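Remarks on the overall topology
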Amino acid sequence: MHSRRSLMSGMALSAGVGLALALPPRRALAQAAPAGEGQKIWGGRFTEKPGALMQEINVSIDVDRRFWKQDLTASRAHAAMLARQKIITAEDAAKIDAGLKTIEGEIQGGTFPFRREYEDIHLNVEARLGELIGPASGRLHTARSRNDQVATDFKLWVRDALDEMQLKVRDLQLALVHRADEHFDTLMPGYTHLQPAQPVTLGHHLMAYVEMLGRDVSRMADARVRMNECPLGSAALAGTSFPIDRHMTAQALGFDRPTANSLDGVADRDFALETLSCFTLCAGHLSRLAEEMVIWSNPQFGFIGFSDSYSTGSSIMPQKRNPDAAELVRAKVGPISGDFLALNTVMKGLPLAYDKDLQEDKPPVFHAFDALDLAVRAMTGMVLDFKANKARMAAVAASGFATATDLADWLVQRLNIPFREAHHIAGGAVKLAEGRGVDLPQLTLKQLQGLHPGITADVYRVLTAEASCASRTSYGGTAPTLVKQQVQRWKSLLAAAAKA
């Protein structure tokens with residue numbers, strides 16, 4: 001039997017042999033990779049083609065092909081501006097526009113030849129445009145750089161992603177509001193420290209998440225406003241000597257204005273980081289709700305149950321019904337938080353203006369969007385799917401001395417006792433009930449009067465879970481009447497947002 005050390009050494013040796021076999025000879029590393037014609041787009045300065053490893057580490061088309069639509073949109077706006085400013089002819093602009101429309105059709109139809117030798121989506125489009133319309137394609141890149149081009153495309157994509165995510169989060173809010181309306185007066189235990197605290201309603205609990213998600217939508221909307229400046233026309237880093245109209249392209253692309261500094265225009269990725277921050281906070285809220293769903297669906301709690309659509313079984317234990325959908329949503333916050341950290345780490349030491357490190361800006365944003373998109377949709381489904389066990393929740397809400405605070409409040413309001421003294425008396429009542437194996441409503445009036453002689457039979461009116469909930473009428477409280485008001489308020493807000 002091998003020792004752990006020898007096993008680890010063997011693994012390391014095997015890995016080393018595998019690496020040696022996988023890598024080409026040192027001389028081969030310096031040789032040029034088979035080059036496509038696309039290298040000529042930027043290759044005038046070079047006499048040799050990039051090496052195989054340089055080509056491999058440099059290529060990004062597998063990632064950035066995702067914003068092909070934004071690239072075509074920005075290019076069409078740029079070409080139209082160049083023509084209006086008489087930088088290129090109207091004839092060439094028309095050819096470019098027609099060619100870009102053809103490319104759009106090819107990509108939508110699945111016939112566009114994405115080629116890795118052209119590095120990225122920009123060069124792929126430019127190369128294909130040259131094949132379609134000839135020399136006129138070369139005029140499209142006048143007065144712009146891939147630096148401002150990628151910043152613009154990426155910003156357009158992130159802007160679209162924020163718009164889409166806001167809609168999906170609102171759908172989840174609407175699902176929560178719908179279920180809260182059903183359960184505005186359904187009793188359940190409220191917890192602090194995950195210990196029984198005071199009775200609340202399920203509707204009130206669900207509406208707490210509506211508020212959280214409302215802040216998420218608000219943050220996304222704020223981020224969208226802040227990012228809505230157009231980098232196009234910043235060129236490589238210093239602007240351009242051509243008489244371009246940046247306000248025209250900004251307006252055509254739906255931006256509020258062009259960026260005011262060309263260096264910042266190409267170097268800024270705050271918009272991506274802020275979006276990741278919004279996504280991380282939203283994922284955290286989903287994770288908290290998912291955790292509660294996991295707890296509530298545990299048979300020892302028995303508050304809710306999921307249908308087969310959102311449950312799985314066990315390969316060995318036939319009785320199991322696992323809330324895997326909730327668990328997977330709960331897990332999403334980890335990778336999404338990691339995406340923010342990954343991009344922040346890429347950005348933290350970059351000098352102005354553009355650096356190739358920024359090629360790594362898109363994978364974390366794309367991943368975070370996909371992960372949150374799936375989590376939001378899954379959570380919406382679970383919210384609409386779960387079935388509440390009202391009887392079980394009501395029974396637990398009434399147990400655990402949950403109305404002790406109501407007893408203290410009654411003592412203050414009826415007997416004019418200072419709250420700290422009332423708190424002490426109520427604590428004595430809990431101790432007495434606990435010692436006798438009963439809950440507060442089961443204590444006799446004589447027993448309660450032994451704690452304070454001024455207690456009357458009226459006290460029993462506040463010792464039920466229903467009465468406790470109904471009494472919490474301060475704004476934002478759990479009283480069913482207030483929950484109904486908040487449900488109606490959010491129905492109106494979400495309806496207005498849908499029309500906007």
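Scroll up for the structure.
Residues numbered from 1 in each chain as written. Predicted model: local features only at pLDDT ≥ 70, side-chain atom pairs only at ≥ 80, totals over all residues. Heavy atoms only, no water.

Topic: the overall build of the protein chain
Scanning the protein chain from N- to C-terminus turns up 20 helices and six strands. Relative to the 2.2 N^0.38 estimate, which gives 23 Å for 500 residues, the radius of gyration of the protein chain is 32 Å and therefore markedly larger than a compact globule would have. Projected onto its principal axes, the C-alpha coordinates of the protein chain cover approximately 100 × 75 × 40 Å. Partitioning the intrachain contacts of the protein chain with sequence separation of at least 6 by distance along the chain shows that 74% fall at a separation of at least 24. By element, 56% of the accessible surface of the protein chain is carried by carbon and sulfur atoms, the whole surface being about 25200 Å². (Helix = DSSP H or I, 4+ residues; strand = E, 2+ residues; numbered from the N terminus. Rg over C-alpha atoms; globule rule 2.2 N^0.38 Å. Contact = heavy atoms within 4.5 Å. Areas by Shrake-Rupley, 256 points an atom, 1.4 Å probe, with all protein chains shown as cover.)

So, the pairing of strand β2 (residues 195–201)
Looking along a regular strand, one sees side chains alternate from face to face of the sheet. Sheet topology note: the strand β1 (residues 187–192)/β2 ladder contains five bridges and is antiparallel. Looking at the pairing, Met-188 lines up with Val-200 of β2. Following β1, the chain reverses through two residues before pairing antiparallel with β2; His-193 in that reversal takes a positive phi of roughly 60°. (Pairing = 2+ DSSP bridges.)

Section: empty space enclosed by the protein
Per the stated rule, a full pass over the model turns up one cavity of 30 Å³ or more. Along the walls of the largest cavity sit Ser-75, His-122, Val-125, Glu-126, Leu-140, Arg-144 and Gln-149, which together make up its complete lining. It is helix α7 (residues 121–133) that contributes the most residues to the lining of the largest cavity, three residues altogether. Its residues placed into classes, the lining of the largest cavity shows two nonpolar, three polar and two charged. (1 Å grid on protein atoms, 1.4 Å probe; cavity = no way out; pocket = protein on both sides within 12 Å on 5 of 7 lines; lining within 4 Å. Points joined across faces, edges and corners; volume = space filled by probe spheres on them. Nonpolar A, V, L, I, M, F, W, Y, C, P; charged D, E, K, R; others polar.)

Looking at helix α15 (residues 390–397)
Met-393, Val-396 and Ala-397 are the residues of α15 that are buried. Each buried residue of α15 sits inside an arc of 105° when the element is viewed along its axis, so together they form one side. Where α15 is buried, its residues contact β1, β2, α9 (202–227), β6 (387–388) and α19 (465–471). (Buried < 20%, exposed > 50% of the residue type's maximum accessible area, 1.4 Å probe, protein only. Arc of directions from axis to C-beta.)

Re the layout of surface pockets
The computed volume of the largest pocket comes to approximately 300 Å³. Gly-190, Tyr-191, Thr-192, His-205 and Glu-292 are, among the 17 residues lining the largest pocket, the residues nearest its centre. Split into classes, the residues belonging to the lining of the largest pocket amount to eight nonpolar, six polar and three charged.

Examining a nonpolar patch on the surface
On the surface, a cluster of nonpolar side chains totalling about 270 Å² of accessible area is made up of Leu-237, Leu-263 and Leu-352. Mapped onto the fold, Leu-237 is located in the loop between β3 (229–230) and α10 (246–252). (Patch = residues over 30% accessible without salt bridge, like charges linked within 9 Å, V, L, I, M, F, W, Y side chains within 5 Å. Salt bridge = Lys/Arg side-chain N within 4 Å of Asp/Glu carboxyl O.)

Some words on the nonpolar core
Ranked by size, the top nonpolar core spans 95 residues in total, and within it Leu-176, Phe-279, Leu-286, Met-293, Leu-372 and Met-379 carry the most contacts. Counting residues per element, this core draws most heavily on helix α12 (residues 270–297), which supplies 15 residues. In contact with Leu-286, not counting residues within four places along its chain, are Leu-172, Leu-213, Val-329, Leu-372, Ala-375, Val-376 and Met-379. By size, the runner-up hydrophobic cluster in this structure holds 20 residues, among which are Phe-401, Leu-440, Leu-443 and Leu-448. (Core = buried A, V, L, I, M, F, W, Y, C linked by side-chain atoms within 4.5 Å.)

Some words on the environment of Leu-352
Checked against the element boundaries, Leu-352 lands in the loop between α13 (324–347) and α14 (362–385). Residues contacting Leu-352, with those up to four places away along its chain left out, are Leu-263 and Ala-267.

A short note on the packing of helix α5 (residues 68–84) against α7
With their axes 10 Å apart at the nearest point, α5 and α7 run at an angle of 60° to one another. One way to sum up the angle between α5 and α7 is to call them oblique. Read as a crossing pair, α5 and α7 show a hand that is right-handed. From α5, Trp-68, Asp-71 and Leu-72 reach across to α7, where they touch Ile-121, His-122 and Val-125. Broken down by class, the residue content of the contact of α5 with α7 amounts to four nonpolar, one polar and one charged. (Axes fitted to C-alpha atoms, helices over the stretch in contact; angles between N-to-C directions. Parallel < 35°, antiparallel > 145°, perpendicular 65-115°, else oblique. Left-handed = near helix turned anticlockwise from the far one by under 90°.)

Quick word on the packing of aromatic side chains
Two aromatic rings are characterised by how far apart their centres lie and by the angle between their planes. Throughout the structure, instances matching the rule amount to 10 aromatic pairs. With a centroid separation of 6.4 Å and an interplanar angle of 40°, the aromatic rings of Phe-67 and Phe-154 are classed as tilted. A residue pair is termed long-range when its members are at least 10 positions apart, and Phe-67 in the loop between α4 (61–64) and α5 and Phe-154 in helix α8 (residues 146–182) qualify at 87 residues. Accessibility assignment for this pair places Phe-67 and Phe-154 in one class, buried. (Phe/Tyr/Trp six-rings, centres within 6.5 Å; stacked < 30°, edge-to-face > 60°.)

Overview of the packing of α9 against α12
It is the contact of α9 with α12, at a shortest axis distance of 9 Å, that shows an interaxial angle of 170°. On the basis of the axis angle, α9 is roughly antiparallel to α12. Side by side, α9 and α12 meet where Leu-202, His-205, Tyr-209, Met-212, Leu-213, Asp-216, Arg-219, Met-220, Ala-223, Arg-226 and Met-227 of the first sit next to Phe-271, Glu-274, Cys-278, Phe-279, Leu-281, Cys-282, His-285, Leu-286, Arg-288, Leu-289, Glu-292 and Trp-296 of the second. For the contact of α9 with α12, the class distribution of residues is 15 nonpolar, two polar and six charged.

A word on the pattern of salt bridges
Taken as a whole and assessed by the stated rule, the structure comprises 32 salt bridges. Notably, a salt bridge pairs Arg-116 with Asp-62, separated by 3.0 Å at the nearest N-O pair. Here Arg-116, found in the loop between α6 (90–109) and α7, pairs with Asp-62, found in helix α4; they are 54 residues apart in sequence, far enough to count as distant. The exposure class assigned to Arg-116 is partly exposed, which follows from its relative accessible area of 35%. Close ionic contact of Arg-128 with Glu-106 constitutes a salt bridge, the shortest N to O distance being 2.6 Å. Pair noted here: Arg-128 is in helix α7 and Glu-106 is in helix α6, with a separation of 22 residues, a long-range link. The buried category is assigned to Arg-128, whose relative accessible area is 17%.

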